[in-house]
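Chain residues, written in single-letter form:
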Amino acid sequence: MPVIIDGTNGITQAGEFNSDSSFGFKNRIINGAMVISQRNGTSSVTPASGDYTLDRWQVSLSQSSKLTVQQDAGAVTPPAGFNDYLGVTSSSAYSITSSDLFLLNQPIEGFNCADFNWGTANAKTITVSFWVRSSLTGTFGGVINNHNGSRSYPFSYTILSANTWEYETITIAGDTSGTWQTGNTGALIIRFGLGVGSTYSGTAGSWSGSTFYSATGATSVVGTNGATWYITGVQLEVGSTATSFDYRSYGTELALCQRYYYRIFPAATSRILAPIGTTQSATQTSNNLYFPVTMRTRPTAVEVTGTASDYSIAFVVSNTVCSAVPTFSSSTTDAVGTLNAYVASGLTAGQPATLLSNSSAGYLGWSAEL
Amino acid sequence: MIYKLLTKIPPFFDQIVARIDDDGLCRLTCTAQNPEFQTHIKAGAELLDADGNVMTDASAYIASLP
C-alpha cells in the first residue's frame, strides 16, 4: 500500500487501508467479545428456539433441552485480550436426524452492512474471524445466510486440539446474487452450527441458492453429553484479511445492544422503573419511560418477572405493592415505552404516579430484536 | 404456554395479549403484532379471549388484525 508524503497534498495513500487500527464500525458483529448479557447475566440457561442468550446472540433449535448457554461457562481463561466468552454445553448425547438443527446466530441489520453491496456486481469480500475452544476436535461448520435463507454460504473450520483456544479466519467473496436488505430489517445472518442434519448442510466455500445452515460433515456438539463449545472475539469485516479485534468501550457496546433489547434492572428495592406516569383510576396507572437509545423499531412487548409483588406504585407519599404484573400498553415511537400497572385500590385518577421495583428482582425488558 | 387477550383499557386501546407460561405466571405482554406471539399462534398455541374462553380459530383472528 503506497503512502506518499509531499508538500502539496500532505499524506496520501492509495489502495485499501486495512490495518490494526480501527476506523469507525469495522466489526459489524455486535457483542463479539461477549461482554453484554442483559437477560441472563452469568447464569446458565436452557434456551428455547428463538431465544436470545447473551445480547445479540440467538439460538435456533429443532429440539428442546439439548444444550445450555452461559456467559463464561466453565470459567476457563479466555484468549489473551478478552475477558468473556459465550459457552455452549451439550445436555445429552443426541443423535441428530437429517432435519435437525442447533444453531447460534447473529442477525445483522441492513443499515449495518448495506455497504457490502451484496446482490450486486460490486459485492465486497468479507472476512470472519473468531476464537473458539471445544472439548471436541474435528471439522465444525457455519453459514452466512440472507434474511430469508434463500442465499447460503456454508463455511467450515477445524479445531485441532481439545480444550484449547484456537483462532479461525474465513474469507468470503461477496454474493453477487440474491436479495440483501439494506434498511432496519435483518439482512445478513451468521450462524455457527452445533449440530445440523444433512438436509440443511451444504458444501463449504461457495454460495448456494439452497437453504443451508452449516457445512457438510461438520461435528455435532449436541451429539456428545457434556461436550463444550466456547466462542469469543467474533469479527465480521470488509476485506480479505482478518485484522485485530475491534475493541469498543463497554458503554458503546451496551448502547449498540440496547438498540435491539433494553432491560432496566435496578437490582434493588424502590428504584424507579418507569418514572413518568399518571393514575387512570383507583386501581391502574399508565407509565412511560424513555429508552436509552432509539430502538431499531417500536417494541411490541414488555417482559416482566411474572410476580406482581416485584413491582410497586409510588403515589403521593406512599408506595403500594402491585396487585398484578405491569402490562404492555403501547410504544408510540421507537424512543418511548408505555405500560400499565395495577394495584388493588387507593389511587386517585389524574394524579402522578411512578412505577418502582419492589424487590431486587423487578425489571422491565423491551425487545426490538431482528 | 397459552396466550390471553386482555380487556382494552385507557389511555391507549391497542389489543394487548398476555403470555401465560406453564407455571401459570405472566412474564410477557404484547400487542397482537408481536412476532413471537404470531409465530406461536401459527404453531398452534392456545389463545383465550378476555373472558377466558378458547378461541377456536386463533390464526384467523391474527389474520384479521390491521
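What you see is a predicted model; the values in this text were computed from it and never measured. (Residues numbered from 1 in each chain as written. Chains lettered and ligands numbered in written order. Predicted model: local features only at pLDDT ≥ 70, side-chain atom pairs only at ≥ 80, totals over all residues. Heavy atoms only, no water.)

Draft legend 1. Spatial organisation of the overall build of chain A. On a plain count of helices and strands, chain A comes out with one helix and 25 strands. Seen through its C-alpha atoms, chain A measures out along the principal axes to roughly 70 × 65 × 40 Å. Pairs at least 24 apart in sequence give 75% of the contacts found in chain A among residues at least 6 apart. When the accessible surface of chain A is split by element, carbon and sulfur atoms take 50% of a total near 14300 Å². Distance from the positive charge centre (15 side chains) to the negative charge centre (20 side chains) of chain A: 6 Å. (Helix = DSSP H or I, 4+ residues; strand = E, 2+ residues; numbered from the N terminus. Contact = heavy atoms within 4.5 Å. Areas by Shrake-Rupley, 256 points an atom, 1.4 Å probe, with all protein chains shown as cover. Lys, Arg positive; Asp, Glu negative; His and termini not counted. Charge placed at Lys NZ, Arg CZ, Asp CG, Glu CD.)

Draft legend 2. Just the sheet that holds strand E24 (residues 353-357) of chain A, in detail. All names here are of chain A. Spatial ordering of the open sheet is given by E16-E24-E20-E21, a layout of four strands whose pairing is antiparallel. Every other strand in the sheet has two partners, leaving strand E16 (272-274) and strand E21 (318-321) as the edge strands with one partner each. Going from strand to strand, the sheet's axes swing by 40 degrees on average, the running direction of each strand aside. Taken together, the five bridges between strand E20 (residues 311-315) and E24 define a ladder with antiparallel strand orientation. If you follow alanine 314 over to E24, its bridge partner there is threonine 354. (Pairing = 2+ DSSP bridges. Axes fitted to C-alpha atoms, helices over the stretch in contact; angles between N-to-C directions.)

Draft legend 3. Highlighting the domain arrangement of chain A. Residue and element names in this part refer to chain A. Per the domain assignment, the segments of chain A are domain 1 (3-258) and domain 2 (261-367). Placing a centre on the C-alpha atoms of domain 1 and another on those of domain 2 gives a separation of 36 Å. Every contact between the two is made by nine residues of domain 1 and, on the other side, eight residues of domain 2. When the buried surface of domain 1 facing domain 2 is broken down by residue, Gln38, Arg39 and Gln258 rank first, second and third, together holding 67% of it. Where domain 1 packs against domain 2, one counts zero salt bridges. Looking at which element gives the most residues to the side of domain 1 that touches domain 2, the answer is helix H1 (residues 250-258), with three residues. (Domains from an automatic or database assignment. Buried area = accessible area lost by both parts, 1.4 Å probe. Salt bridge = Lys/Arg side-chain N within 4 Å of Asp/Glu carboxyl O.)

Draft legend 4. Broad picture of the interface of chain A and chain B. Chain A puts 20 residues into the contact, and the matching count from chain B is 16 residues. Roughly 1400 Å² is buried in total at the junction of chain A and chain B, and carbon and sulfur atoms are behind 56% of that figure. At the boundary of chain A with chain B, the tally comes to zero salt bridges. If you look at where chain A meets chain B, you find six residue pairs in polar contact (both at pLDDT 80 or more). Only strand E18 (284-290), strand E19 (301-303), strand E22 (324-330) and strand E23 (336-342) of chain A provide two or more residues apiece to the side of chain A that touches chain B. The leading source of residues in the side of chain A that touches chain B is E22(A), at six residues. (Polar contact = N/O pair within 3.5 Å; in protein donor to acceptor, adjacent residues only side chain to side chain.)

Draft legend 5. Molecular detail of the pattern of salt bridges. Residues and elements named next belong to chain B. Considering all chains together, one arrives at 12 salt bridges over all chains under this definition. Among the ionic pairs, aspartate 21 bridges to arginine 19, the shortest N-O distance being 2.8 Å. As far as burial versus exposure is concerned, aspartate 21 and arginine 19 are alike and both buried. A cluster of three or more residues bridged by salt bridges with shared partners is formed by Arg19, Asp21, Asp23, Arg27 and Glu36. (Buried < 20%, exposed > 50% of the residue type's maximum accessible area, 1.4 Å probe, protein only.)

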